[in-house]
Each structure stands twice: as structure tokens, then as C-alpha cells.
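Structural overview
Residues per chain, in single letters:
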Amino acid sequence: MKKLRMLKKVLSMVIATAMIIGTATMVTGCDKKNESGKNSASSSVDAGKTKKIVNYYTSENKGMPEGVDFINSLKSANGKLYSFGESISGENLAEFYNLDQENETVERFELEKSSYPLAISYNNGKVLTASYDGSAIYVHDANNKCELEISLESDGIPSVYGLSSDKDGNIYALILKLTGMSYDTNVLVFDKEGNKIKEENLSKKINATGLNLSQFLLNDGQDNFYFVNIVVNIMTGQFTSTKIYKIDKDFNIIQEFEEKEFHQLTNMFMNQDNNLVLTGVDEAMSCCYINEIDSKTGEIASRYEIPGVMTAFPGKDADHLTYYNSDAIYSYDVNTQKSDVVYALTNDDVPESIKSENFLVTNNGSDIVLYAVPVNASLYALQVMNTAGEVEKNIPIDMFCIEKLAPGITVFGLSFMTLFSATLIAKDKESSFLQRLYTTPLKSIDFILGYMLPLLPIAFMQSATARSSSF
């Protein structure tokens, strides 16, 4: 047995040595040149028949078509180029309304520059808004005229998530830029003329890790600023941490605390006493909890609860809050903890964007301002371009309209019915139920009707529900 093992080892070593020598010979042989100066490995190739690699395709940069801001998809057919994307440069994506609480009416007003209600702030009589694509900040005066437009130059696609100003008139913008799998939070500071005078990376300042988002930028009245940083679990999409930071004008952290009382933070604003107000909901999304934080001590000064809603907004003064449900907009007295209707949403003259219950509330002093995205805003368009990159047709497309979604939902739902019936038949076949049915005097039509008839009422009710929702 020992001799056999020794023989196997010797044989293995001989084979390994032979393989190494053979490999080395091949490598050195490829590098040797023959007398004609050609590599020996390629000496048999006829130079006259050698094929050249040529570039069959050339590219030309056509640039972004006029009137198109973002392209979602691009197709070519019949010598035409079809692009589907967003065209929002000329769209006013924000509707503003002044709420008259005494007369229970709303009056619409428009800002000179188109904007998007993602970040809006009333500061020192100025209205600060941002464009939809995050490329500009607009400063409007008391007459809603744009007196300053600030361009945001960035190496990425910025998103403005907070706007504020200080007593000197400097403008602060909270900017989020996507970098890899997370966002970088930066604060840009501009003077009255729109010149950038300072920039700070807050993500590095707070040592943010993972997927985190920052929102809001609120002045406490002493030129200190609050903002919130939310850490998101990539796998579940749940908020794992919600921290509120207070920084000074030099971006030094003054206060830091983690909000653990809410299942989810829904809003954050400063009231007329310059105290920070946080609103959040419980896990059942059935009650709005409100904490008023003393801006000097950082302690909870007051706590309120409003059942049946998810968020609250600033009121006409420090003793009132504003909230709404499907019936009306209410003013909540924090002292008596009673609510009064200030504007009913069931009237026929209610603007569609307000009636859709997809609006936000802010205050300009004692005035309540509502703002929302118009329901008829057309963000998407289909462009037909020729080979020169010129747009021949620009067709606006209204996305997510219920009258257009209903047919798609119906067809999509019926596809699940088909999948369910196929699964049912496969299960019956696997359990030998069909084999037993074959012993009965049933015909093919009986099998088909037996599986089809029970599913028809379900398909009918599903289609009727989708259809009725479109009216």
C-alpha cells in the first residue's frame, strides 16, 4: 500500500513537471521571430487577406431637444425618434391660495416665476420658492413679483428641500444631491444680490451614514437654524432614525436630539413664539401627536393630540394650529383643545387642487396660505423628432388620470384572474382531482364552464369597481 501511494505521488509530480515545461515552451515559442521578422505563431497568415476592423457606426451629440427637460425613454421607428419625458420649464407647478378664516373663503394668487411647492418659505416679507428641477431659487416680493433669481450650479441634480433667510437678508438653501446610494446634504448661503458666500456639507458635519435624507430649514428668530435628518433602511424602506439638529450661522451644532415618540414625523415648523413644533403619527396612522419644543432649552413645552388626522400646520397665531380632513379645514385652539371649521371642502366652489386633499399649509404672519400642485398640470410629453434632432411634434400627456388609469387597472386585474385560474387547474391536476373527474361523463365544455363560471362574478365586480372609481 505504501509503495502504491509513493508511486502515485511520483507520477503526479512527473505529470505536473511536464505540463509546466510544455506551457513555458509555448510562451517562449510565441515570442520567437522567424527569419522574415514575423512572429512564428502568425507566420502562416497572409498579410494580403488580413481583415481590418472598421467603425460602422458614428455618434453625434444632438443635445437636449428644445422644450424637453428630462427624457424617460427613447425609441426610433420609421426614420423618426420618439422621446417620452418631462417638459416642465414653462409649467407653473404651484397654486397658492390665501385662506380668509373670517369669511371662510379662499382667494387664489400667482407668483411671477413658475415654482414647485417642495420648499417654500415666508421670510421678512419675502416669498422663497424653488424651481421643479432644483436649478433655481426665486425670491418674490410682497406683490408676488420675482425680484431675484438665483441659479444653482451643481455637478449633480440638486433638490431643494429647505429655504430660509436671516436678519441680514442672506438666503439659506438646504440642497440634497444624490451620490451613489445616499444623499449629500449641503447648505448654500447667498447674499441679497444672489452671490454665493458660503457652502457647508452637513452630511459630514453630522457624520451621516447609509441612506439618509434631510428636510426643512427653519430660522428660530435668532438666526439659528433647525433641520431634520432621517435615516432609511434600504431593505424595508422604514425610517430607522429621525434626528433634529440646531445649528448656528457658522454651521456649528448647538442642539441635537432624536425623535422617538412618533412612529413617523410628518411636519416641522416654527410658530409665532419662535418655538419648534413637531407633528407625527402613531403606528396605526390614526392620531396626530404634536410636540412644541422650547427653542432656548430644547425641552418639550407643550403636547397636543388631534385624532383622525396625520399632520398639522401653522395657525393664525401661536395658540392655534391648522389641520384638515376630507370634510373641512379646521383651526385648532391649543388652550381649549377645540376645533372650529374655517373652510368647508364639500362646497362646489372649492378648487380642485384643494378638494383633492393634496395640499400644504403655511403662514405669512397671521395669514394662512394654502399651496398645492395643480391637478391639471401636464408634466409629461411625447416628442416626435427627425434625424436632425428637431422636435416636429410635442404632445402633452396627462399621467395618472383616473379616467385613463381605470381601463388599465381593469385589464391588469383580469390578468391576475387568468393567473389564478391557471394555478387552480394546475393544483387540481397535481392532486389527481382531474383524474377522478375523467371517470365521470363530463364533456370538454363542462370542464371549461366549471372553471370559468365561478370566476366571472369576481371578474365582473373587479371591473365594476375600477370603472366606478373613474367617475
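Relevant structure appears above.
Bear in mind the structure is a predicted one, so any value in this text is a computation, not a measurement.

Our focus in this paragraph is the environment of Ser-135. Relative to the elements of secondary structure, Ser-135 occurs in the loop between strand S6 (126–130) and strand S7 (136–140). Remark: the alpha-carbon pair of Ser-135 and Val-160, spanning 25 residues in sequence, is separated by 8.8 Å. Beyond its immediate stretch of four places on either side in the chain, Ser-135 contacts Ile-150, Ser-151 and Leu-152.

One open sheet holds the four strands; their spatial order is S21-S22-S23-S24, and the pairing between them is antiparallel. Only two strands of the sheet have a single neighbouring strand rather than two, namely strand S21 (313–314) and strand S24 (338–344). Relative to strand S22 (residues 320–324), S21 runs antiparallel, the two sharing two bridges. Residue pairing across strands places Pro-314 opposite Leu-321, the latter belonging to S22.

Moving on, we get to empty space enclosed by the protein. In this approach the atoms are scanned with a rolling probe the size of a water molecule, which exposes any empty space left behind. The final tally for this structure, using the stated rule, is one cavity of 30 Å³ or more. Estimates place the volume of the largest cavity at around 50 Å³. Within the residue set of the lining of the largest cavity, elements represented by two or more residues are strand S19 (287–293) and S22. Here the lining of the largest cavity is built from residues that sort into six nonpolar, two polar and two charged.

Bringing a nonpolar patch on the surface into the picture now. A grouping of Ile-445, Ile-448, Leu-449, Met-452, Leu-453 and Leu-456 is seen on the molecular surface, where their side chains present a nonpolar patch of about 530 Å² in accessible area. The biggest single contributor to the nonpolar patch is helix H6 (residues 444–452), with four residues. Tracing the backbone shows Ile-448 in helix H6.

Here the focus is the pattern of salt bridges. A side chain of one charge can pair with a side chain of the opposite charge when the charged atoms of the two come close. On inspection of all chains with the given rule, the structure shows 11 salt bridges. Across the pair Arg-108 and Glu-95 runs a salt bridge, and its minimum N-O distance is 3.6 Å. Pair noted here: Arg-108 is in strand S4 (residues 105–109) and Glu-95 is in strand S3 (residues 95–100), with a separation of 13 residues, a long-range link. Counted as one network, the salt bridges with shared partners bring together Glu-95, Arg-108 and Glu-110.

Criteria and cut-off values
- Residues numbered from 1 in each chain as written.
- Predicted model: local features only at pLDDT ≥ 70, side-chain atom pairs only at ≥ 80, totals over all residues.
- Heavy atoms only, no water.
- Helix = DSSP H or I, 4+ residues; strand = E, 2+ residues; numbered from the N terminus.
- Contact = heavy atoms within 4.5 Å.
- Pairing = 2+ DSSP bridges.
- 1 Å grid on protein atoms, 1.4 Å probe; cavity = no way out; pocket = protein on both sides within 12 Å on 5 of 7 lines; lining within 4 Å.
- Points joined across faces, edges and corners; volume = space filled by probe spheres on them.
- Nonpolar A, V, L, I, M, F, W, Y, C, P; charged D, E, K, R; others polar.
- Patch = residues over 30% accessible without salt bridge, like charges linked within 9 Å, V, L, I, M, F, W, Y side chains within 5 Å.
- Areas by Shrake-Rupley, 256 points an atom, 1.4 Å probe, with all protein chains shown as cover.
- Salt bridge = Lys/Arg side-chain N within 4 Å of Asp/Glu carboxyl O.

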